[in-house]
Amino acid sequence: FELASVATLALGSIAKNMSQKEPLIHEEIITHLNQKIEESTTTEAKRSLILSLANAKPESLDKPESYLQSDENRVREAGVVLLSNIGDKASVDALLSFQKSEPDSIVRSEVFHRLARTNLSSEQIGDISRDSLVEKDTKVRYTMIELLGMNTDKNAVIRSTLKLLKSQETNKENFKKILQYL
């Protein structure tokens, strides 16, 4: 099975490399991967296929939130990787909405870890900034602090949020991370 997973991930990379030279082949691979995702019955197969699709770098998806719907946290986490790799407004909005109801803190942390590498709008950064002030999970808040810190030059509100977080933070690691960005 491990060899199959590696081959599947490679297929996604091949599709990405073909996107400029052979866009039809790129689209065929993406269609094939989407079909296999729907047909897959095991967690690891579905996860591997979604990560392969993330490697393929499709420009957009019809229903980005559908990749986040699974009983398995590892599949949802792969969906986070996929949507963050696309990075369009619909995908980012789906991730921001999804994280509010996601029960697994590892998956939620992955949302903010991945979003830190995307081009967020001021409105999206503002939403994350407000949410960080009420976030109870210290691991999730840590990745939110990282995301905000990496975007201090894009939104004037972030510095104020970091100062507020500093005044209320009780977790030592989070406090250090806040100081790093102030």
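Calculation notes
- Residues numbered from 1 in each chain as written.
- Predicted model: local features only at pLDDT ≥ 70, side-chain atom pairs only at ≥ 80, totals over all residues.
- Heavy atoms only, no water.
- Helix = DSSP H or I, 4+ residues; strand = E, 2+ residues; numbered from the N terminus.
- Rg over C-alpha atoms; globule rule 2.2 N^0.38 Å.
- Buried < 20%, exposed > 50% of the residue type's maximum accessible area, 1.4 Å probe, protein only.
- Contact = heavy atoms within 4.5 Å.
- Core = buried A, V, L, I, M, F, W, Y, C linked by side-chain atoms within 4.5 Å.
- Salt bridge = Lys/Arg side-chain N within 4 Å of Asp/Glu carboxyl O.
- Axes fitted to C-alpha atoms, helices over the stretch in contact; angles between N-to-C directions.
- Parallel < 35°, antiparallel > 145°, perpendicular 65-115°, else oblique.
- Left-handed = near helix turned anticlockwise from the far one by under 90°.
- Nonpolar A, V, L, I, M, F, W, Y, C, P; charged D, E, K, R; others polar.
- Expected span 1.5 Å × (residues − 1).

(A) The overall build of the protein chain, seen in detail. For the protein chain, the helix and strand inventory stands at 10 helices and zero strands. Along its sequence from the N terminus, the protein chain presents helices and strands in the succession α-α-α-α-α-α-α-α-α-α. Here the protein chain has a C-alpha radius of gyration of 18 Å; the compact-globule value for 182 residues is 16 Å, and the two agree. By principal-axis analysis of the C-alpha atoms, the protein chain measures approximately 50 × 30 × 25 Å. Evaluated residue by residue, the protein chain yields a buried proportion of 44% over its 182 residues. Taking contacts inside the protein chain between residues at least 6 apart in sequence as the whole, the part at least 24 apart equals 60%.

(B) The arrangement of the nonpolar core in detail. Core analysis: the biggest nonpolar cluster contains 43 residues, and Leu82, Leu115, Ile128, Leu147, Leu148 and Leu162 have the highest contact counts within it. Among the elements that line this core, the one with the most residues is helix H4 (residues 73–86), at seven residues.

(C) Examining the environment of Leu133 more closely. Among the secondary structure elements, Leu133 is positioned in the loop between helix H7 (122–132) and helix H8 (138–149). It is 8.8 Å that separates the C-alpha atoms of Leu133 and Gln168, two residues lying 35 residues apart in sequence. Leave out the neighbours within four places in its chain, and Leu133 touches Thr161, Leu164, Leu165 and Gln168.

(D) Up close: the pattern of salt bridges. All chains considered together, the criterion is met by 12 salt bridges. Lys89 is paired through a salt bridge with Asp93; the nearest N and O atoms lie 2.7 Å apart. You can see Lys89 and its partner Asp93 sitting in helix H5 (residues 89–101), four residues apart, about one turn around the helix. A residue is classified by how much of its surface remains accessible, and Lys89, at 55% relative accessible area, is exposed. For Arg130, the salt bridge identified is with Asp127, shortest N-O distance 2.4 Å. Remark: Asp127 and Arg130 occur in helix H7; sequence separation between them is three residues, near one turn of the helix.

(E) Main features of the packing of helix H2 (residues 23–39) against helix H3 (residues 43–56). Remark: H2 packs on H3, axes separated minimally by 9 Å, with the N-to-C direction vectors making an angle of 160°. In terms of orientation, H2 and H3 fall into the roughly antiparallel class. Judged by the sense of rotation from one axis to the other, the crossing of H2 with H3 is left-handed. Facing His26, Ile30, Leu33, Asn34, Lys36 and Ile37 of H2, the residues of H3 in contact are Lys46, Leu49, Ile50, Ser52, Leu53 and Ala56.

(F) View of the environment of Glu123. The residue Glu123 is located in helix H7 in this model. A relative accessible area of 59% means that Glu123 is categorised as exposed. Taking the C-alpha atoms as reference points, Glu123 and Ser105, 18 residues apart in sequence, are found 24 Å from one another.

(G) A look at the packing of helix H9 (residues 157–168) against helix H10 (residues 172–181). Running from amino to carboxyl end, H9 crosses H10 at an angle of 150°, the nearest separation of the two axes being 10 Å. Crossing of H9 over H10 shows left-handed handedness. Along its contact with H9, which presents Arg159, Leu162, Leu165 and Lys166, the element H10 presents Phe175, Ile178, Leu179 and Tyr181. Considering only residue class, the contact of H9 with H10 consists of six nonpolar, no polar and two charged.

(H) A look at H3. Helix length check: H3, at 14 residues, gives a terminal C-alpha distance of 20 Å against a target of 20 Å (1.5 Å per residue), a fit within 8%. For H3, the complete set of buried residues consists of Ala45, Ser48, Leu49, Ile50, Leu51, Ser52, Leu53, Ala54 and Ala56. Taken from the residues just after H3, Lys57 is the one with a positive phi, measuring 55°.

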